[in-house]
Amino acid sequence: MGTGRGRNTRALVAAGFPVVEIGEDVAYTQLPGRGFIGALATHAYLHGTLAKLRIGFAELARVLAPGAPIAVTLGSINDARFGLGEPYDEVTFAPGDGPEIGIPHAFLDRDGVTDVLRPFGIESCAEVAVDALVGRWAHEDDAVTGKVHWFVVARKR
């Protein structure tokens, strides 16, 4: 889901891994259940409503091989942006200004992470203050501080 600017794709290809990019405008339903061997999504699942995340992870599970690993980043309710902007559901808000104006962001607690990742067995789940990790390279015009994300590694059941 969502290849963004392609920095992860370039790094994986340079390391010799075969990569299939799935742009944000491609529906998973267009993909056959091919048994992909893994998935990486560092920002794509930060965007969208709770319902969209549930559907997205169900579809991701459909196209992955049994036992395939995933590494994903999810928004945390401890993020400074939680509760700000236009509400979409109890955990999703779209900023009213800035570089991501109008883009829904879902923010989860640990139970929410477990819920949206129901098709997967979680191997590690760390809540991380990411201001030192993301920012200029991810969102050049974003001056918001206090970002907190879940870094999750899981496997398809």
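Look up: the structure comes first, before these words.
Scope of this entry: the structure provided in the associated data block. These figures come from a predicted structure and were not determined experimentally. (Residues numbered from 1 in each chain as written. Predicted model: local features only at pLDDT ≥ 70, side-chain atom pairs only at ≥ 80, totals over all residues. Heavy atoms only, no water.)

## Looking at the packing of aromatic side chains
Working step 1: Tallied over the entire structure, the rule returns 4 aromatic pairs.
Working step 2: Measuring from centroid to centroid gives 4.0 Å for Tyr 45 and Phe 57, while their planes differ by 15°, and the two rings are stacked. Residue Tyr 45 is located in the loop between strand E1 (39-41) and helix H2 (50-63), and its partner Phe 57 is located in helix H2; the two are separated by 12 residues in the primary sequence. Across this residue pair, the class does not change: Tyr 45 and Phe 57 are buried.
Working step 3: Relative to Phe 107, the ring of Phe 82 lies with its centre 5.9 Å away and its plane at 75°, an arrangement referred to as edge-to-face. Note that Phe 82 is positioned in the loop between strand E2 (69-76) and strand E3 (86-89) and Phe 107 in strand E5 (residues 105-108), a separation of 25 residues in sequence.
Working step 4: A residue is classified by how much of its surface remains accessible, and Phe 107, at 3% relative accessible area, is buried.
Working step 5: A network of ring pairs unites the aromatic residues Tyr 45, Phe 57 and Phe 120 as a single cluster. (Phe/Tyr/Trp six-rings, centres within 6.5 Å; stacked < 30°, edge-to-face > 60°. Helix = DSSP H or I, 4+ residues; strand = E, 2+ residues; numbered from the N terminus. Buried < 20%, exposed > 50% of the residue type's maximum accessible area, 1.4 Å probe, protein only.)

## Brief notes about the nonpolar core
Working step 1: Ranked by size, the top nonpolar core spans 26 residues in total, and within it Phe 57, Ile 70, Leu 74, Leu 108, Leu 117, Phe 120 and Val 152 carry the most contacts.
Working step 2: Element by element, the count of residues in this core is highest for H2, at 6 residues.
Working step 3: Filtering out sequence-adjacent residues up to four positions away, Ile 70 remains in contact with Ala 39, Phe 57, Leu 60, Leu 64, Leu 117, Phe 120, Val 152, Val 153 and Ala 154. (Core = buried A, V, L, I, M, F, W, Y, C linked by side-chain atoms within 4.5 Å. Contact = heavy atoms within 4.5 Å.)

## What about the pairing of E5?
The side chains of a regular strand alternate, residue by residue, between the two faces of the sheet.
Working step 1: Of the two faces of E5, both are covered, the one formed by His 105 and Phe 107 as well as the one formed by Ala 106 and Leu 108.
Working step 2: With 2 bridges connecting them, E2 and E5 associate as parallel partners. In the sheet register, Gly 75 faces E5, and the bridge partner there is Phe 107.
Working step 3: Relative to E5, strand E4 (residues 92-94) runs antiparallel, the two sharing 2 bridges. The residue of E5 that forms the bridge with Phe 93 is His 105. (Pairing = 2+ DSSP bridges.)

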